Each structure stands twice: as structure tokens, then as C-alpha cells.
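# Summary of the model geometry
Chain residues, written in single-letter form:
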Amino acid sequence: MAFSKIWYTVALGLLLPFSYAHTDFFTSIGHMTDLINTEKDLVVSLKDYIKAEESKLEQIKKWAEKLDQLTDTATKDPEGFLGHPVNAFKLMKRLNTEWGELESLVLKDMSDGFISNMTIQRQFFPNDEDQTGAAKALLRLQDTYNLDTDTLSRGNLPGVKHKSFLTAEDCFELGKIAYTEADYYHTELWMEQALKQLDEGEVSSADKVYILDYLSYAVYQQGDLSKAMMLTKRLLELDPEHQRANGNMKYFEYIMAKEKEANRSSTDSEDQTEKETEVKKKDYLPERRKYEMLCRGEGLKMTPRRQKRLFCRYYDGNRNPRYILGPVKQEDEWDKPRIVRFLDIISDEEIETVKELAKPRLSRATVHDPETGKLTTAHYRVSKSAWLSGYESPVVSRINTRIQDLTGLDVSTAEELQVANYGVGGQYEPHFDFARANEPDAFKELGTGNRIATWLFYMSDVSAGGATVFPEVGASVWPKKGTAVFWYNLFPSGEGDYSTRHAACPVLVGNKWVSNKWLHERGQEFRRPCTLSELE
């Protein structure tokens, strides 16, 4: 019997979407989309491997069925069967040749192609830092938008197109990551959610014993001794021989006995104990609270009198020849500081061009370290950015000219167009665009002075979250594709306007693309002359 040849190949070219390995995937949804294609190609590779294994087993099965019938007949009358010379010859042939071929087929490893592809692709996979970063993003979204664990676990988020949910194992993983950061508040929340889903009957590889072990310790670290004991008792019901739980229980009982003894001698200490055992979320600074409220759309509301001062208009750039016959739509977003929005100011085609130019260059966004004077990554800025010059594309050059025409400011001394794409829970916490008095060398290498103004394009709509907020004044500006907002960072005197402190709220659902232009002081001497007042 001759076995048909089984082959298994996968076009490696299909599995190599990157020419190089990206890092910090979690900081850019744009780069994460490449991973979707990678995973799809790996699934195709896996299915090809399964087909190869099924084909191999099908041939072995047919061989076994055929030999089963033949041996049944032969064993009933061996001498009569072998009396036929053809049967005798075929028996010799089968045992000498065909069984050897079958052995080779059985031993043939059909996974070589798939494993080879996996090995090549693994160098482009996210790493532990990406997984941890994505997990922290979920915790950040939970805090910023006041989401309970059940809502987040069920995937009940506003504006979602593709609903997804977290398994008990996923919740356990989130709790473990919080635990490694000594974030016992979130450890408790997510271990409790994992336990809840298991109690509701979810089939999972997550172990209640492990969950209760983490949960009881997290609760104890937050001062709730009685709850820690209750959870430890439940753990011991499942695993009476658990060494750490038995040790913890003895320790908890000892501490509880000491507290009861102390409470009997002093009611004051009882009050103090109650205060110490109260479980509280970490204490945020006032600005943090305002920032999160604004991100949720719970900011300050303008009085009707102030709102009456906000207008929309057709704007010609102060009689700029390019816009006299075709003025642009402009509306006031805020009065102090004055923030204006330009509508339909960048086309979809221009947006796609800018994104295509920027995407291959996206790298982790950095911030200026006032102590070292160097650029560095920071946990409070989760995005990737790239810089585009006007000379490399007529589209970028045209955008720069548009900014100059509509602001009346010279863009020749401005920084290059910065394009940013935000990642999972992408954000940029409250910051100033301009350099403060204690940062005299922030833009020294540019030689163009401080950042006088900011122009910000919104290049995508965002389903939920992602607002630009100004905590000092209570303003929230929501992303709208094709629009841009503009504000001055400095007074005409050159002094910084501290009310322009702003932040990019975490993206709850969706993909946020923006591009911005920072305009500098040099070249604006006659375009925006100084006044006699420091704060005008």
C-alpha cells in the first residue's frame, strides 16, 4: 500500500505584517490593529495544521479498516488464505514495506509548519509589560468613569460595537496585577468579581482557593480584619490543609483577641479601630477629582449670562484672502481662557494621509522631565506619537498654511505637526503646554521661545471618553472628527496662562487620533504684540 503524500505549508509572508517589532503595543490602538491581523493569520495556520492532522488520521483509519477486514478473513483459515500465492506475496509486502510506511506516517510530526510560524511571529508579540499596561488601563477606566466591576466584566460600556466580557480567569488576572502593584483596593474588587462569577456557576480554570488566598490578604491589608477571617475560613473549608491560610487564621485570631482586650479598656481605642478598619478608596487630590468629574461630563456648568457670550460665526481669518469668499465655521467653546473650535477644518482624505504617514513612525509619547531636562516616558501619558514636517508631504504643508492663515501666527517657528494615537485607556493627565518659570531650558534647543498657542485637530470620533478637559476652569471639549480647537497658552505679555492646564481623558470606548501644532513666540512680535498689562 502506498500512502499519499501529506504536505503542510503556510505562506510565511502572510504572517509577517511588521518589518520590525513594535514595543508598548498597549499605548496605541493603531499599532494594536496589526496584532488583530497577526492573530487571524495564526488562526489560518492553526486550521491548516488541524487539516493536516485530520488527513493523516483519516489515512491511518482507512488502513486500519482495510487490514481489519483482511485479517478477519485470514485468521479464520490461515492455510487456505495463504494457499493463494497472491495473498502470500501481499502479506510479505505488507509486513516488510507497508507497515514501515505506516510507522513513518504515525511518527510524522505535522506541527512543524505551525511551530515554525509561531516561532517567527513570537518576536512580534506583546510582552508582559503590554499585558500589565492593558490591565492597568482597565483599572484606570474603572476609577475615572466610576464603573463597578460587574459592569466592566459584562462589557456593558456605552457606544460599544463588539461587546465582550471578562471571564473569572480574566478577573483573577486583573486582581493579581493589582496585587503585584500593592494596589489592594483593586485586588479586592477583582478577586471578589472572580469569586462571584464562579459562585454563579461559570466553568473556569480559576481556582477558588487561590482567589480566596489573594482576597483575604488584600482585605487584611486594608484593615478589615473580620472580613479577612471570614474569607480565610471559607478557604479552609475548601482546603483544610492550606498551610498559609492556617497560619493566617491563627495570626488573625491573635490580633482579634488583642483588639478585643484593648477595646474593653478604652472606648476611644474602639472608635480609632473603627476608623482604621474602614475600607476607603485611595485619597485623590482635588485636581484629580475635578479631572475625573470633567471626564465623566460632570463638570461645572456655565451660568446663562456667560453662555450668552459664546457665539458661532463664519470666520475669514481677519480678512485673509484665502477665506474672504469661503469663510470657515467657528464656535466658542469657552470664554476664559478663550477656546474656539473650527468645524470641518480638515477633510477625511487629509486625515487618512496624515495617519498613513504617521503610523510607521509612532513611538511611545514622552514628557519633559523638569529635573533632568530630558524627555522620558510616563505612566500619566499613554499614547504613541510621530512628527511630520511640511516638506515631506503637500498635505502636511497645506495643513500648516491653514493653521497660519486662521490663527494669524507665523508657523515657521512652530514645532512639527505631532500626530498622536491613544492606546487602551489612553490618556494624558493634567499638564501645561508652555514652560513654567522653573523650566527655563525647556525649549532652549529650539531657540524659538515658549509655546504661545496650541492648535489641536480631532482626527476621529470617540465612542466614549477621550475629552480634552481644563480642570482649573471646568471646561470639557469633546472629540469630533474633522474639527480643531485653538487656545493661547501665554498672555500677550509672555506670561503663562495657568488656566490653560488641561488633560486628555482616558478613552473608554473607541480609537482616538489627534494631531497638534505648538506655535512659539518667535516671529509673533508684530502678529501678537505685547500689551502694557502682565495678564492681558
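Residues numbered from 1 in each chain as written. Predicted model: local features only at pLDDT ≥ 70, side-chain atom pairs only at ≥ 80, totals over all residues. Heavy atoms only, no water.

Two modes of strand pairing occur in sheets, parallel and antiparallel, and in both the strands are linked by backbone hydrogen bonds. The nine strands are arranged β1-β2-β3-β14-β10-β17-β8-β7-β4 in an open sheet whose pairing can be described as antiparallel. Strands with a single pairing partner mark the edges of an open sheet, and in this sheet they are β1 (312-315) and β4 (363-364). In the sheet, strand β7 (residues 383-388) pairs with strand β8 (residues 417-422) via six bridges, with the strands oriented antiparallel. The partner of serine 383 across the bridge, within β8, is tyrosine 422. Relative to the sheet, helix α1 (residues 29-76) contacts β7, β8 and β17 (513-520), its axis offset from that of β8 by approximately 55°. Against the sheet, helix α16 (residues 394-407) makes contact with β1, β2 (328-334), β3 (339-343), β7, β8, β10 (451-458), β14 (483-488) and β17, and its axis sits at roughly 125° relative to β10, the strand it touches most. (Pairing = 2+ DSSP bridges. Helix = DSSP H or I, 4+ residues; strand = E, 2+ residues; numbered from the N terminus. Contact = heavy atoms within 4.5 Å. Axes fitted to C-alpha atoms, helices over the stretch in contact; angles between N-to-C directions.)

Our next topic: the sheet that holds strand β12 (residues 468-470). Spatial ordering of the open sheet is given by β9-β15-β12-β13, a layout of four strands whose pairing is antiparallel. Both outer strands of the open sheet, β9 (428-431) and β13 (475-477), are each paired with one neighbouring strand and no more. Geometrically, the sheet is characterised by an average inter-axis angle of 15° between neighbouring strands, direction not taken into account. Here β12 runs beside strand β15 (residues 502-504); their pairing, made up of two bridges, is antiparallel. Paired with threonine 468 across the two strands is alanine 504, which belongs to β15.

Turning next to the state of the cysteines. Applying the stated criterion to the full structure yields one disulfide. Two residues share a disulfide in this structure: cysteine 295 and cysteine 505, whose sulfurs sit 2.0 Å from each other. Sign of the S-S torsion, about -85° for the bond between cysteine 295 and cysteine 505, identifies this disulfide as left-handed. A residue pair is termed long-range when its members are at least 10 positions apart, and cysteine 295 in helix α13 (residues 286-295) and cysteine 505 in the loop between β15 and β16 (507-509) qualify at 210 residues. Each member of the pair cysteine 295 and cysteine 505 is classed as buried. (Disulfide = S-S within 2.5 Å. Buried < 20%, exposed > 50% of the residue type's maximum accessible area, 1.4 Å probe, protein only.)

As a further point, take the packing of helix α5 (residues 128-144) against helix α7 (residues 168-180). Contact geometry of α5 with α7 gives a least axis separation of 10 Å together with a crossing angle of 95°. Relative to α7, α5 is oriented roughly perpendicular. For the pair α5 and α7, the contacting residues are Gln131, Thr132, Ala135, Leu138 and Leu139 in the first and Glu173, Leu174, Ile177 and Ala178 in the second. Residues belonging to the contact of α5 with α7 are distributed by class as follows: six nonpolar, two polar and one charged. (Parallel < 35°, antiparallel > 145°, perpendicular 65-115°, else oblique. Nonpolar A, V, L, I, M, F, W, Y, C, P; charged D, E, K, R; others polar.)

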